Amino acid sequence: MGYAGGDEARMLTRHLRGKSVKIGVGANRAATAACFLKRHGYLDPRDYLVEGNWHEQGSRINSRKIGVVVLDDGMQHWSLQRDIEIVMVNGLTPWGNHQILPRGPLREPLKALGRADVVVVHHANLVSEHNLRDIKLMVQEVKKSLPIFFTRMSPLHFFEVGNMNTRIPLDIICNGVMLCVSAIGSANAFVQGMEKMGTLYVDRLDFSDHHSLRDTDIEMIRMKLKELEDKFGSMPVVVITEKDYDRDPEILRHLSPYKVMALCSELQIIPCRCNGDDDFKKLLKEMVEVKILGANQN
């Protein structure tokens, strides 16, 4: 459940097609959630958590009803009651200039981390050990007991714009010339990831987050591609993210004869001491159980 939707909602819809998931979009989270709960019904987890056993009771539940609500970017919505608060930190630019909007990128002071249950440091594979240690120390200054996990985007394959069912192996770009075109929140992470994949040369065109490409943008991309072609003597390839593809898959076809490929990636938890993928799932399960059992006792 998130804001205006567009690219992110379409991407989630495509990935979760056929799954027992409903995607709500709207600036008023409470109103959106209430509408979905009224339309589809909801499950009370206390009805199927008996002495920590989820499976026996849970298997009989009507999956059309809503059992869990996940809010994207919802920490600042104080009026919404929540059971678990997961804060995701961009490891490349964790706190910006430490200033709150509009003077900086933060929506709340760092002391708000005291309300968090878990912190996830993203793009940790692109950050030095020294900087990761500084991020961890900053978090623990606010709340020493806060569990911290580290994640990365792991590339899987490409698909060609115009035929999203294709699965093109990653090594196709080895020794090639790439132009990364993106309108996402962390373009540096996308470009740095591409640079690590054995390409001959990587150039970039960055647009603001959620920007919808226009004809003038396509012309600018074409000019950049022609420059690269003249410089290296071979046809460069445009690489975009899935989010960019789902925002407007049609306009990207106007770049023919240049090939346009979307990079498919998945989020992975980087094992670090006792904080791996299984540990993350176990921790969330335990937190949910504590909340539910505590509510039962009250």
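Preceding this paragraph is the structure being described.
Each chain carries its own residue numbering, running from 1 in the direction its sequence is written. Local features in a predicted model are, by the rule used here, given only for residues with pLDDT of at least 70; side-chain atom pairs are given and counted only at 80 or more, and totals for whole chains, interfaces and linings are based on all residues. As a rule here, side-chain values come from all non-hydrogen atoms in the structure, and water together with hydrogens is ignored.

Caption draft 1: Just the packing of aromatic side chains, in detail. Stacked, edge-to-face and tilted are the three classes for Phe, Tyr and Trp ring pairs, Trp counted by its six-membered ring, which pair at centre distances within 6.5 Å; planes under 30 degrees apart are stacked, over 60 edge-to-face, the rest tilted. If you walk through the whole model with that rule in mind, you get 3 aromatic pairs. Measuring from centroid to centroid gives 5.1 Å for Phe149 and Phe280, while their planes differ by 80°, and the two rings are edge-to-face. Taken together, the positions of Phe149 in strand β3 (residues 148–160) and Phe280 in helix α8 (residues 277–297) put the pair 131 residues apart, joining distant regions of the chain. With respect to class, Phe149 is no different from Phe280; both count as buried. When the NZ atom of lysine or the CZ atom of arginine is within 6 Å of a ring's centre and also within 35 degrees of its normal, the charge is said to sit over that ring. We note Arg39 situated over the ring of Phe36; from NZ or CZ to the ring centre the distance is 5.1 Å. Note that Lys231 overlies the ring of Tyr201, its terminal NZ or CZ placed 5.1 Å from the centroid. Going along the chain from the N terminus, every DSSP run of H or I of four or more residues is numbered as a helix, and every run of E of two or more is numbered as a strand. Summary of the burial criterion: residues with accessible area below 20% of their type's maximum are buried, those above 50% are exposed, and those between are partly exposed, where the area comes from a 1.4 Å probe applied to protein chains only.

Caption draft 2: How the structure looks around helix α5 (residues 187–195). Considered for burial, the residues of α5 that qualify are Ala187, Ala189, Phe190, Val191 and Met194. Any two residues whose heavy atoms approach within 4.5 Å at even a single point are treated as in contact. Against β3, β5 (177–182), β6 (201–206), β7 (237–241) and β8 (260–269) lie the buried residues of α5.

Caption draft 3: Inspection of the side chain of Asp203 at higher detail. Along the chain, Asp203 turns up in strand β6. By relative accessible area, which is 15% here, Asp203 ends up buried. Look past the residues within four positions of Asp203 in its chain and what remains in contact with it is Met178, Leu179, Cys180, Lys224 and Leu228.

Caption draft 4: How the structure looks around the nonpolar core. With 23 residues, the main nonpolar core has Val181, Ile221 and Ile240 as its most contacted residues. At the level of elements, β5, α6 (215–232), β7 and β8 are the ones that each hand at least two residues to this core. Residue contributions to this core peak at 4 residues, all from α6. Ignoring any residue separated from it by four or fewer positions in sequence, one finds Ile240 in contact with Val161, Val181, Phe190, Tyr245, Leu252, Val260, Met261, Ala262 and Leu263. The nonpolar core is taken to be a set of buried Ala, Val, Leu, Ile, Met, Phe, Trp, Tyr and Cys residues, with the residues joined through side-chain atoms within 4.5 Å. Formed by 19 residues, the second largest nonpolar core is a distinct cluster that contains Met75, Val87, Leu113 and Val139.

Caption draft 5: Up close: the side chain of His123. You can see His123 is positioned in the loop between β2 (118–122) and α4 (129–142). Taking the relative accessible area as the measure of exposure, His123 reaches 11% and is therefore buried. Among all residues touching His123, those that are not within four sequence positions of it are Asn90, Leu92, Thr151, Arg152, Met153, Ser186 and Ala189.

Caption draft 6: Quick look at a nonpolar patch on the surface. Candidates for patches are residues over 30% relative accessible area with no salt bridge; among them, like charges are joined within 9 Å and nonpolar side chains (Val, Leu, Ile, Met, Phe, Trp, Tyr) within 5 Å. Note on areas: these come from Shrake-Rupley sampling with a 1.4 Å probe, and a residue is covered only by the protein chains present in the view. A carboxyl oxygen of Asp or Glu within 4 Å of a side-chain nitrogen of Lys or Arg is what we treat as a salt bridge. Taken together, the side chains of Leu37, Tyr42, Val69 and Leu71 present a nonpolar region at the surface, about 350 Å² in accessible area. For Tyr42, the position within the fold is in the loop between α2 (29–40) and α3 (55–58).

Caption draft 7: Looking closely at unusual backbone geometry. Here the amide bond leading from Leu101 into Pro102 is cis, since omega sits at 5°, within 30 degrees of zero. As for its placement among the helices and strands, Pro102 is situated in the loop between β1 (86–90) and β2. At Asp73, a position not held by glycine, the phi torsion is positive, near 60°. By the element assignment, Asp73 lies in the loop between α3 and β1. The exposure class assigned to Asp73 is partly exposed, which follows from its relative accessible area of 32%. Phi at His210 takes a positive value of approximately 75°, unusual for a residue other than glycine. Its place among the elements puts His210 in the loop between β6 and α6.

Caption draft 8: Region of the structure containing the pattern of salt bridges. A complete count under the given rule lists 16 salt bridges for this structure. Of the charged contacts, one joins Asp246 and Arg14 as a salt bridge, the two residues approaching to 2.7 Å between their closest N and O atoms. In this pair, Asp246 is assigned in helix α7 (residues 242–247) and Arg14 in helix α1 (residues 6–15), connecting sequence segments 232 residues apart. Residue Asp246 shares its accessibility class with Arg14, and that shared class is buried. Between Arg115 and Glu108 there is a salt bridge; the shortest N-O distance is 2.9 Å. The exposure class of Glu108 is buried, given its relative accessible area of 14%. Salt bridges sharing common partners tie together Asp7, Asp244 and Arg247.

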